[in-house]
Amino acid sequence: MCGIVAYIGSKPAKPLLLEGLKRLEYRGYDSAGLAILDGTLQIAKAVGRVVNLETKLKKLPGFEGSLGLAHTRWATHGGVTELNAHPHRDDKSGIAIVHNGIIENYAALKKLLTERGHTFHSDTDTEVLAVLIGELYEGDLEAAVQAALREVTGAYAICVVCEQEPGVLVCARKGSPLMVGVGSGECVVASDPSAIVAHTSQAFALEDYNVARITREGFRTSTIDNKPVSPKMMQLELDLEQAELGTYEHYMLKEIFEQPTSLRTTMRGRVDLNEGKIVLGGLMDCAKELVKIKRFILIAQGTALHAAMIGEYLLEDLATVPAECEYASEFRYRNPIIEDRTAVIAVSQSGETIDTLSALHEAKDRGALSLGVINVVGSSIARETEAGVYLRVGPEIGVASTKAFTGQVAALTLMSLFLARRRFMSAERTRTLLDALNKIPQAIETALESNDLVRRVTEKYVERDNWLFLGRGYNYPTALEGALKLKEISYIHAEGMPAAEMKHGPIALIDDGMPAVFIANKGPQYEKVINNIEEVRARGGHVIAVATEGDEHIASIAEDVLYVPDVPDCLSPMVTVIPLQLMAYHAAVLRGHDVDKPRNLAKSVTVE
Ligand code: G6P
C-alpha cells in the first residue's frame, strides 16, 4: 500500500529518497512522487514504477536540497494519474504533504474550503488536507498541522514541509504506521523500517495522534493538542541482506524456498524436546491467565486468516479450549460478545493491517486479553497486544504471503502446545508432537524437491480460467490458501472450499475444463476426500492431488499427484501448502505476470 519516505539532514535528499522508495516498492503502488525543499519547493511525479520517476528526474534541473518528502501511491480517491499522485501542495502557503490513509470527512472539508475560495487540482483527500493546513498556517507549521488534524477524521500518516520554514519537517500519525529514524544531524522518516535501516538503527514509532517536529538540530514530539510526549526509542534489527533477492528470480520464489530456514528460526530456543516443554517468552507474563481462558477468538485478514483458521483447529484439538476464527473486518462491525476469560489473538504478518488493528481495539475495549502472532517487531499490533509470539521469519517482501503463512501456523502450533501442556496434554504426547514439529522444516525441504514436477503439472492447466481447491479438516484452510495464492498473482479465478461442500452446489461447475486440486494427505478424513475425488472424476473434472508419499492408490484416481512427506495431520498444512505455493508461482510466471508486484494488491493494507 502507499509508502512514505522523508529526509532532513545534510546529504542530498533526492538519491536517498529514491532509494527509500525502491525499498518500499514491494508494498504495492501505482504512482510515485517526491518534493525537495531547497529555497523553493520542487515537485516531480510519475505514474507507474519508481524508475519512471527516476528517469523523469534525470531530465529535470534542481532537486538539490537536503530536505524532502517522497511517496508511492496506491490509489483510493481518484484514478491513477500524475495529478492525483503525491506530494500534494497548497500554493498559497507553499506547503507540500505526503499522506498514507484516508481522510474520511474530506468531502465536507473540501466543500467548506471551496466556499472559502480554494480551488483543487486533484480528486484526492490528501490535497484537501494540504489546503486545510495551509488555511490554518500562521507562521508555525507544527501548530498548523496540529490544528488541521483536530478537524479531520480517518486515518493518516503524513509528512509536511513548508517553503516559509525551510529547515522543518513535521510528521504525524493516526492509524497508519510512521517511524522516525534518528541519525546524527539527520532523520529519515518512513512508513516502513526497511527504508530507514540503511541509514540508522535508532528509531521510534509515532503513536496515534502524535506529531513530530524535526529539524537538523533535533526533534520534539507532542499530541495534536500540543501536549509534550516522549517517544520510546528502539533498535531496528532488520537485516537488509534478508530483503535482497540473491540468486532468485523473484522474492516470492526466494521466500517459498526460505521456509525450512525461516521455520527453524521460528522454533529455535522454543522447543525443549528433553523436557517436552515449549518456551515462549512472550507468553510467560500471562501464562497463568492464559491457562484459565475459556474462549479464544482469532482475528485476521487474507493469508493470515487462513493461518488463524488452522489456529482455531489447533487450539480446540490440542489445547481443548473453545476457539473461533473470524475476519477482523467483520468482527469489528458486529456486536461481538466478549465474556469473562476471553482472549483475542490477532494474527498478522505486518502488524499494521487496519482491519485487524481496529478489531483488536474493539476486543480490548470489551475486556478481552489481547495476544499477537506477528512478524514485524515493534509494529502497531505488536505494541498494542499484551502478550504474543513473534514469527521471526525475517522480512517478507513478496506481496503473496508464503513464509509468513507457515510461520504463523508454526507459532500457533507452539502456542496451542504451550497451553495444551499446561492443561491436559501428557508430557509424552507433547514430546511426540514437538518431535514431529521439529522435523517439519526437513519435510518442507523434501516437498520443495518437487518444484520441477509442480511446474510441469501447472503448465498442463495454466490456460484454464477456473480452478477449485478442496480439502477437509486441517487442510480446508490450506485449500482456501491455495486458491488465494492462485488468484493473487495469476489472476485466475479459483475457489477454495471444504471438499464436502462441493456437493452442495459447486459440483454443478465441474466439466472437463475445470482443474480441481484436492489436498488428500493421509489424515482422519482421507477416505472421505477420496470419495469427493471420485465424484469430480465421474463428472469429467481434472484432479490434481496433493498426497502423502507412498500412497499408490491415489495415483490410480487422480490425473496428477504431488507427493509430500507423511507428517501428523495437525501439522500437515505447513507441508501440503508448499506445492500450492509453487503452483501459484509457476502459473503467474507462465502467464507472464509480475509475480512480486501483482496488480491492485498491496502488501500491507492500512486502509479499510
Ligand atoms: C494483504 C496482503 C496479504 C495479507 C493480508 C493480511 O491483503 O496482500 O498477503 O495476507 O494483507 O496482512 P497481514 O500483514 O495482516 O498478515
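Here the structure is a predicted model, which is why all the values come from computation and not from measurement. (Residues numbered from 1 in each chain as written. Predicted model: local features only at pLDDT ≥ 70, side-chain atom pairs only at ≥ 80, totals over all residues. Heavy atoms only, no water.)

S.K.: Give me the lowdown on the packing of helix 17 (residues 451-461) against helix 21 (residues 573-590), citing residues and values where you can.
M.R.: Where helix 17 contacts helix 21, the axes come no closer than 9 Å and their chain directions differ by 55°. With respect to each other, helix 17 and helix 21 are oriented oblique. In this structure, helix 17 crosses over helix 21, and the sense of that crossing is right-handed. Of the residues in helix 21, those touching helix 17 at N451, V454, R455, T458 and E459 are P579, L582, M583, H586, A587 and L590. (Axes fitted to C-alpha atoms, helices over the stretch in contact; angles between N-to-C directions. Helix = DSSP H or I, 4+ residues; strand = E, 2+ residues; numbered from the N terminus. Parallel < 35°, antiparallel > 145°, perpendicular 65-115°, else oblique. Left-handed = near helix turned anticlockwise from the far one by under 90°. Contact = heavy atoms within 4.5 Å.)

S.K.: Tell me what's going on with the packing of aromatic side chains, and back it up with residues and numbers.
M.R.: For the structure shown, the criterion picks out five aromatic pairs. Seen in terms of ring centroids, Y461 and W467 are 6.3 Å apart; in terms of plane orientation they differ by 80°. Their pairing is edge-to-face. For Y461, a relative accessible area of 2% gives the class buried. An aromatic cluster is present here, built from Y461, W467 and F469 joined pairwise through their rings. It is K110 that lies over the ring of F120; its NZ or CZ is 5.3 Å from the centre. The ring of F418 is capped by R422, whose NZ or CZ atom sits 3.8 Å from the centre of that ring. (Phe/Tyr/Trp six-rings, centres within 6.5 Å; stacked < 30°, edge-to-face > 60°. Buried < 20%, exposed > 50% of the residue type's maximum accessible area, 1.4 Å probe, protein only. Lys NZ or Arg CZ within 6 Å of the ring centre and 35° of its normal.)

S.K.: Got a sec to walk through the pairing of strand 21 (residues 387-390)? Specific residues and values, please.
M.R.: Every second residue of strand 21 is oriented toward a common face, the buried set being A387 and V389 and the non-buried set G388 and Y390. As paired strands, strand 20 (residues 369-374) and strand 21 are joined by four bridges and run parallel to one another. Its bridge partner being in strand 21, L371 is matched across the sheet by A387. (Pairing = 2+ DSSP bridges.)

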